[in-house]
Amino acid sequence: MIPYGRQDITEDDIQAVVDVLKSDFLTQGPAVPAFEQALAATCGTQEGVAVSSATAALHIACLALGLGEGDWLWTTPITFVASANCGLYCGAQVDFVDIDPLTFNLCPKQLELKLLKAEAEGCLPKVVIPVHLTGRSCDMAAIHALSQRFGFRIIEDASHAIGASHAGSRVGCGQYSDITVFSFHPVKIITTAEGGMAVTRNKDLAQHMRRLRSHGVTRDESEMTRAPDGGWYYQQVELGFNYRMTELQAALGLSQLQRLDDFVQRRRELAAQYQSLLSGLPLTLPNVESDADSAWHLYVIQLQDTSRRAEVFESLRQAGIGVNVHYIPVHTQPHYEAMGFRQDAFPKAQAYYAGAISLPLFATMTDQQQGEVVAALKTALAS
Ligand SMILES: *Cc1c(COP(=O)(O)O)cnc(C)c1O
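Keep in mind it's a predicted model, so treat the numbers as computed, not measured. Note on numbering: residues in each chain are counted from 1, in written sequence order. In keeping with the model being predicted, local features are shown solely for residues with a pLDDT of at least 70 and side-chain atom pairs are shown and tallied solely at 80 or more, while totals for entire chains, interfaces and linings include all residues. Only heavy atoms go into the side-chain values, all of them from the structure, while hydrogens and water stay out.

Enquirer: It is not clear to me how the overall build of the chain should be interpreted in this structure. Could you clarify?
Expert: Strands here mean DSSP runs of E at least two residues long; helices mean DSSP runs of H or I at least four residues long; both are numbered from the N terminus. Within the chain one finds 13 helices and 14 strands. A compact globule built from 383 residues should have a C-alpha radius of gyration of about 21 Å, and the chain, at 21 Å, falls within 12% of that. With the principal axes as the frame, the chain shows a C-alpha extent of 75 × 60 × 40 Å. Nonlocal contacts in the chain, meaning residues at least 24 apart in sequence, comprise 72% of its contacts between residues at least 6 apart. Residue-level accessible areas treat just the shown protein chains as cover; the underlying method is Shrake-Rupley with a 1.4 Å probe. For the chain, the accessible area works out to roughly 16300 Å², and carbon and sulfur atoms hold 51% of it. The chain carries 29 positive and 41 negative side-chain charges, and their two centres are separated by 2 Å. Only C-alpha atoms enter the radius of gyration, while the globule expectation follows 2.2 Å times N to the 0.38, with N the number of residues. Any two residues whose heavy atoms approach within 4.5 Å are treated as being in contact. This count recognises Lys and Arg as positive and Asp and Glu as negative, with His and chain-terminal groups excluded. To locate a charge, take NZ of a lysine, CZ of an arginine, CG of an aspartate or CD of a glutamate.

Set out below in structure tokens:
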């Protein structure tokens, strides 16, 4: 089976993890801050908060921005469930904004219309989470301008987009948002096995997220309600979690980070090759030219004849091609449907989902493997 995504682990990566195993610290040592600083610098921002997953990063990012009961969080229906679930963890209500059918990303025009309606009804969102689907940045300048006008905060879910750029800046630089979140799950662009990071320009937000990732406990006297009893003293000043990243994970991440640009370059090359190999087939292909700065986490094709999607998908799987679908619209999941969302509430998302198939794409994929994928797809479409 050629998988849709897979990690690339070198001897250097393995040695980095073994070195940690032989060191004094398996957790709460020097590797986590080193990884945080390196990734923040790569993105052109100041602060990184490494955690056990991107889901954990989204949760503490929402909490740090004050999201709670009575608030609204908006995101796109075409994302992994975690981008919406983080709002529910905080006791907030979740709603969705339909996508732009050309980029598959949250549509700024739809967002503006929905904001105007929400303003009239007195239920503006506190937090909006744009998701850089497939590794291509959302139109962050437009979303940021709306945040200034309507007073919401922005968390970029950049789980697909480490190494991507937008208008000349790295995704994660923080020019147009409060916090950006990355995932290091093995299918993503760099991996720490499980793991995630929240990056921000804002020192106070970073400090708050660090406290939330470790039980809400502080050893910083300036955050305490009274003077310490002694050198052992700490205070729990709010309810936090154990969302810490281990030293093993951070060492792996730091080692992987050195190859980030190579990974993204190979993904861009493979995407460009798919584009020419698949031209002329009854498919809607992603727009490679306008996606030039994408990190290409995913290469998503859409069947023009959506009635054949399941059959083509099955035939590819039978042929050993590990295709996938990203994503089932979140609002159609039973947990969300039970909140009252109608299946047809977001027609652009529904239309995208009906034809979508993610083809295998990963940095170590060979041209020969790509050829096998294309041949199997041609056979499936012709049958
Ligand atoms: C993978 C992913 C997540 C969750 O990442 P974890 O590190 O597995 O928690 C969140 N959002 C999107 C868009 C993702 O693709």
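Next, the rest of the story.
Enquirer: Hey, could you run me through the site of the ligand in this one?
Expert: Near the ligand you find 15 residues, and of these Thr-55, Asp-157, His-160, Ser-183 and Lys-188 are the closest. Surface burial for the ligand is 92%, taken as the share of its 380 Å² of free accessible area covered by protein chains. Mapped onto the shell around the ligand, the elements with two or more residues apiece are α3 (54–64) and α4 (82–89). Residues are grouped as follows: Ala, Val, Leu, Ile, Met, Phe, Trp, Tyr, Cys and Pro are nonpolar; Asp, Glu, Lys and Arg are charged; every other residue, Gly included, is polar. Split into classes, the residues belonging to the shell around the ligand amount to five nonpolar, eight polar and two charged. Only heavy atoms are used to decide nearness, and a residue is near a molecule or strand if one of them lies within 4 Å of it.

Enquirer: Is there a simple way to think about the nonpolar core in this case?
Expert: Nonpolar side chains tend toward joint burial in soluble globular proteins. Definition used in this section: a nonpolar core is a set of buried Ala, Val, Leu, Ile, Met, Phe, Trp, Tyr and Cys residues joined via side-chain atoms within 4.5 Å. Classification of residues uses two cut-offs on accessible area relative to the type maximum, computed with a 1.4 Å probe and protein chains only: under 20% is buried, over 50% is exposed, and between them is partly exposed. Membership of the largest hydrophobic core comes to 48 residues, with the highest contact counts inside it found for Ile-129 and Ile-155. Those elements that place two or more of their residues in this core are β1 (47–51), α3, α4, β3 (93–96), β4 (127–129), β8 (179–183), α7 (203–213) and α12 (347–355). Tallying contributions element by element places α3 first for this core, with eight residues. Once you skip the residues sitting within four places of it in the chain, Ile-155 turns out to touch Leu-58, Ala-61, Cys-62, Leu-65, Val-127, Val-128, Ile-129, Pro-130, Ile-179 and Val-181. Within the second largest apolar cluster, 28 residues are counted, among which are Ala-271, Leu-283, Val-323 and Ala-380.

Enquirer: Whenever I open this one, the pairing of β1 confuses me. Can you help?
Expert: Consecutive side chains of a regular strand alternate in pointing toward one face of the sheet and then the other. Summarising burial for β1: five of the five residues are buried, a large majority. Residues Glu-47, Val-49 and Val-51 of β1 are buried on one face, and the alternating residues Gly-48 and Ala-50, pointing to the opposite face, are buried as well. A strand pair is defined by DSSP finding two or more bridges across the two strands. Here β1 runs beside strand β9 (residues 196–200); their pairing, made up of five bridges, is antiparallel. Directly across from Glu-47, in β9, lies its bridge partner Thr-200.

Enquirer: In this structure, what is going on with the sheet that holds strand β14 (residues 356–359)? I would like to understand it.
Expert: Strands in a sheet are paired, the pairing made by backbone hydrogen bonds, and the direction either parallel or antiparallel. Reading across the sheet, the three strands line up as β12-β13-β14 and stay open at both edges, with antiparallel pairing between neighbours. Only two strands of the sheet have a single neighbouring strand rather than two, namely β12 (283–284) and β14. Where β12 meets strand β13 (residues 299–303), two bridges bridge the pair, whose relative direction is antiparallel. Counterpart to Leu-283 in the pairing with β13 is Leu-303. In this fold helix α10 (residues 309–318) packs onto β13 and β14, with an angle of close to 20° to the strand it touches most, β14. A fitted line through C-alpha atoms serves as each axis, taken over the contacting stretch for helices, and the angle formed by two N-to-C directions is quoted from 0 to 180°.

Enquirer: Before we go on, may I ask you to explain the pattern of salt bridges in this structure?
Expert: Opposite charge on two side chains permits them to pair, given that their charged atoms come into close proximity. Whenever Lys or Arg places a side-chain nitrogen within 4 Å of a carboxyl oxygen from Asp or Glu, that contact is recorded as a salt bridge. The final tally for this structure, using the stated rule, is 18 salt bridges. One salt bridge in this structure joins Lys-114 and Asp-95, with 3.0 Å as the shortest N-O distance. Of the two residues, Lys-114 sits in helix α5 (residues 108–121) while Asp-95 sits in strand β3, which places them 19 residues apart along the sequence. Judged by relative accessible area, Lys-114 falls into the partly exposed class, the value being 22%. Across the pair Arg-153 and Asp-178 runs a salt bridge, and its minimum N-O distance is 3.1 Å. With Arg-153 in strand β5 (residues 153–157) and Asp-178 in the loop between β7 (169–170) and β8, the pair connects residues that are 25 residues apart, well separated along the chain. Residues participating in the shared-partner salt-bridge network are Glu-36, Glu-47, Lys-203, Arg-210 and Arg-213.

Enquirer: What should I look at first to understand the sheet that holds β4 in this one?
Expert: With mixed pairing, the seven strands of this open sheet are ordered in space as β1-β9-β8-β5-β4-β2-β3. Edge positions in the sheet fall to β1 and β3, since each of these pairs with one other strand and no more. Sheet twist, expressed as the mean angle between neighbouring strand axes with direction ignored, is 20°. Note that β4 and β5 share two bridges and pair parallel. The residue of β5 that forms the bridge with Val-128 is Ile-154. Where α4 meets the sheet, its contacts fall on β2 (72–75), β3, β4 and β5, and the angle it forms with β2 comes to roughly 180°.

Enquirer: Please explain the packing of aromatic side chains as it appears in this structure.
Expert: Centre-to-centre distance and the angle between the planes together describe a pair of aromatic rings. We call Phe, Tyr and Trp rings a pair once their centres come within 6.5 Å, taking the six-membered ring for Trp, and we label the pair stacked below 30 degrees between planes, edge-to-face above 60, and tilted otherwise. Tallied over the full model, the rule gives nine aromatic pairs. On the basis of an interplanar angle of 45° and a centroid distance of 4.7 Å, the ring pair of Phe-104 and Tyr-352 is categorised as tilted. You can see Phe-104 sitting in the loop between β3 and α5 and its partner Tyr-352 sitting in helix α12, a full 248 residues away along the chain. Residue Phe-104 is classed as buried on the basis of its relative accessible area, which comes to 6%. For Tyr-352, a relative accessible area of 3% puts it in the buried group. Three or more aromatic residues link up through ring pairs in this structure, and these residues are Phe-96, Tyr-336, Phe-341 and Phe-346. Taking NZ or CZ as reference, Arg-309 lies 4.7 Å from the ring centre of Tyr-353, over its face. Criterion for a charge above a ring: Lys NZ or Arg CZ within 6 Å of the ring centre, and within 35 degrees of the ring normal.

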